[in-house]
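# Coordinate inspection notes
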Amino acid sequence: MASTSHIEIINNALKNNVDFIKSILDKETIISAVIKGNAYGHGVLVVVPALEALGINHFSVYSSPEAREVLNVKNKNSTIMIMGFIFKKDFDWIIDNKIEFFVSDLEILNIAVKVAKSLNKKAIIHLDIETGMHRTGLSIKYLKKVIDVINKNKKHLIIKGVTSHFAGAESIANHTKVKKQFTVFKKRIKMLKENGINPKIKHIASSAAAINYPETQLDLIRTGILIYGYWPTRETFIKYVARRKDKSNPLDRTLRWKSQVMLIKDVLEGEFIGYGLSFQAQRKMKIMIIPVGYSDGYSRSLSNNGHVIVNGQNSPVIGNVNMNMTICDITDISNVNIGDDVILIGKQGNNEISFTSFAEMNNSLNYEILARLPENIERTII
Ligand SMILES: *Cc1c(COP(=O)(O)O)cnc(C)c1O
């Protein structure tokens, strides 16, 4: 289905962000670009080749269907790592294509061994260790069993990595918990070593940990949100610039989401605008209608709350976001015409729409709104 909006991926911004990430890492530390959720809505098809051109050759996805999509666009030498779910029917294909994956369960390990044997190949795995998040990692009890299975099947396994994930590295309030998780992680690595298992790549840090706790960067960081030009939380940004002379934001947003002015109307004082009674004009107003709504990924939570840019200026969303349209206030913006560009995310001139600038908008919505940008919106790299 064709779309009434368009997404541009700005190659210079991508390059800027990759350069920034490199600047906070040791030379040897691998950057694994996290491209789950269709590259946080940016589009795997455009992002993977663009990142490869910038020297990134390690990609983290969530699932086997996502891995399939990436395998079709990546170049031969890039690595794909699945951090989450794999359909049973996909193990053959994954092992055959040397796609790496997290093992967080004994059953998954047994399947991997069985399939690798039948193919006469090796499954390349990363052991996902429970350190305090209580989501997917292997608890100590299972880890012992996993070690037994590994040591009996070394011919069919490459234990490439050992991994875990922090529960809350984006906030200083979790400082003690993060330190504790890191200690547990190091203990488990030691235990593996004592049992003859010595994974080459140790990794635990995502974007927030890589910034807030540089000692956790180890051999590889899995970074998503920084690549796309956003901070994991506002707190992470404040903490980062607090340590520096230059207080400007080193990241550039890589995505610009555009639509256009569909209609312009005058509204009299006292009239209600849109569905229901959620917005009443307090003065004579001029409004514009844009052909984008929640079915296009423009969240309903932006009702009476979001902003767009038109003619270089901020235009507030008024009333509820509808399925296919949104109404915005242009009373104080001169010279707006039907067909003009409307920026939903990104920059126009010096003005920028960053979701983080919305009143009372919680930053985790960045991840959500980006990831929910529909696949049918056309994406081009500029
Ligand atoms: C999504 C994800 C990341 C990346 O998180 P960012 O905050 O975008 O850097 C890293 N590791 C795992 C396991 C993830 O699911």
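Okay, so let's go over this structure. Quantities reported herein were computed from a predicted structural model and do not represent experimental measurements.

### A look at the overall build of the chain
Of the regular secondary structure elements, the chain holds 11 helices and 18 strands. Dimensions of the chain, computed from the C-alpha atoms along their principal axes, are close to 80 × 45 × 40 Å. A total of 382 residues make up the chain; the buried ones form 52% of that total. Relative to all contacts within the chain whose residues are 6 or more apart in sequence, the contacts with residues 24 or more apart total 67%. Counting 50 positive and 36 negative side-chain charges, the chain places the averaged centre of each group 10 Å from the other.

### Here we look at the environment of Ile172
With respect to the secondary-structure elements, Ile172 resides in the loop between strand E7 (157-163) and helix H8 (175-194). Separated by 64 residues in the primary sequence, Ile172 and Thr236 place their C-alpha atoms 8.7 Å from one another. Here Ile172 is in contact with Glu235 and Lys239, once residues within four sequence places are set aside.

### Quick word on the packing of aromatic side chains
Applying the stated criterion across every chain, the model contains 9 aromatic pairs. Both rings, one in Phe85 and one in Phe87, keep their centres 4.9 Å apart while their planes meet at 80°; by these two values the pair is edge-to-face. Look at Phe85 and you get partly exposed, because its relative accessible area is 41%. A relative accessible area of 37% means that Phe87 is categorised as partly exposed. For the ring pair Trp231 and Tyr240, a centre distance of 5.5 Å and an interplane angle of 35° mean the geometry is tilted. For Trp231, a relative accessible area of 6% gives the class buried. Classification of Tyr240 as buried rests on a relative accessible area of 9%. Clustering of aromatic rings is evident, with ring pairs tying together Phe20, Trp231, Phe237 and Tyr240. In this arrangement the basic side chain of Lys145 is found over the ring face of Tyr142, its NZ or CZ atom lying 5.2 Å from the centre. In this arrangement the basic side chain of Lys239 is found over the ring face of Tyr213, its NZ or CZ atom lying 5.4 Å from the centre.

### Side note on a nonpolar patch on the surface
A contiguous nonpolar surface patch, about 340 Å² in accessible area, is contributed by Met262, Leu263, Met325 and Ile338. If you trace the backbone, Ile338 turns up in the loop between strand E15 (326-329) and strand E16 (341-348).

### Details of the pairing of strand E3 (residues 58-61)
Burial along E3 is two-sided: His58 and Ser60 facing one way and Phe59 and Val61 facing the other are all buried. Inspection of the sheet shows strand E2 (residues 30-34) paired to E3 by 2 bridges, in the parallel sense. Across the sheet, residue Ala33 finds its bridge partner in E3, namely Phe59. Sheet topology note: the E3/strand E4 (residues 79-82) ladder contains 4 bridges and is parallel. Each bridged residue has a counterpart across the sheet, and for His58 the counterpart in E4 is Thr79.

### Considerations on the pattern of salt bridges
A complete count under the given rule lists 15 salt bridges for this structure. Between Lys88 and Glu107 there is a salt bridge, and its shortest N-O distance comes to 3.5 Å. Taken together, the positions of Lys88 in the loop between E4 and helix H5 (91-96) and Glu107 in helix H6 (residues 106-119) put the pair 19 residues apart, joining distant regions of the chain. Its relative accessible area of 57% is what places Lys88 among the exposed residues. Relative accessible area serves as the criterion here: at 46%, Glu107 is assigned to the partly exposed category. Close ionic contact of Glu215 with Lys179 constitutes a salt bridge, the shortest N to O distance being 3.0 Å.

### Quick word on the site of the ligand
Around the ligand, the neighbouring residues are Val34, Lys36, Tyr40, Met83, His165, Ser206, Ser207, Arg222, Thr223, Gly224, Ile225 and Tyr367. Contact distances for the ligand include 2.5 Å between an oxygen atom and a side-chain N or O atom of Ser207. A distance of 2.9 Å is found between an oxygen atom of the ligand and a backbone nitrogen or oxygen belonging to Ile225. When the ligand is considered free in solution it has 390 Å² of accessible area, and contact with the protein chains removes 90% of it. Elements supplying a minimum of two residues to the shell around the ligand: helix H2 (36-40) and strand E9 (220-223). Residues that form the shell around the ligand fall into these classes: 5 nonpolar, 5 polar and 2 charged.

### Details of the sheet that holds E9
The parallel open sheet is built from 8 strands, whose spatial order is E8-E7-E6-E5-E4-E3-E2-E9. For this open sheet the edge positions go to strand E8 (201-203) and E9, each flanked by a neighbour on one side alone. On average, adjacent strands in this sheet sit at an angle of 30° to one another, irrespective of strand direction. In this structure, E7 lies alongside E8, joined through 3 bridges in parallel fashion. Counterpart to Val162 in the pairing with E8 is Lys202. Across the face of the sheet, helix H4 (residues 64-73) comes into contact with E3 and E4 while running at roughly 170° to E4. Relative to the sheet, H8 contacts strand E6 (123-128), E7 and E8, its axis offset from that of E7 by approximately 160°.

### Quick word on unusual backbone geometry
Residue Ala39 is not a glycine yet carries a positive backbone phi of 55°. Its identity as a non-glycine residue notwithstanding, Tyr40 has a phi of 50°, on the positive side. Note on placement: Tyr40 falls in helix H2. The class of Tyr40 is buried, set by a relative accessible area of 8%.

Calculation criteria
- Residues numbered from 1 in each chain as written.
- Predicted model: local features only at pLDDT ≥ 70, side-chain atom pairs only at ≥ 80, totals over all residues.
- Heavy atoms only, no water.
- Helix = DSSP H or I, 4+ residues; strand = E, 2+ residues; numbered from the N terminus.
- Buried < 20%, exposed > 50% of the residue type's maximum accessible area, 1.4 Å probe, protein only.
- Contact = heavy atoms within 4.5 Å.
- Lys, Arg positive; Asp, Glu negative; His and termini not counted.
- Charge placed at Lys NZ, Arg CZ, Asp CG, Glu CD.
- Phe/Tyr/Trp six-rings, centres within 6.5 Å; stacked < 30°, edge-to-face > 60°.
- Lys NZ or Arg CZ within 6 Å of the ring centre and 35° of its normal.
- Patch = residues over 30% accessible without salt bridge, like charges linked within 9 Å, V, L, I, M, F, W, Y side chains within 5 Å.
- Areas by Shrake-Rupley, 256 points an atom, 1.4 Å probe, with all protein chains shown as cover.
- Salt bridge = Lys/Arg side-chain N within 4 Å of Asp/Glu carboxyl O.
- Pairing = 2+ DSSP bridges.
- Near = heavy atom within 4 Å.
- Polar contact = N/O pair within 3.5 Å; in protein donor to acceptor, adjacent residues only side chain to side chain.
- Nonpolar A, V, L, I, M, F, W, Y, C, P; charged D, E, K, R; others polar.
- Axes fitted to C-alpha atoms, helices over the stretch in contact; angles between N-to-C directions.

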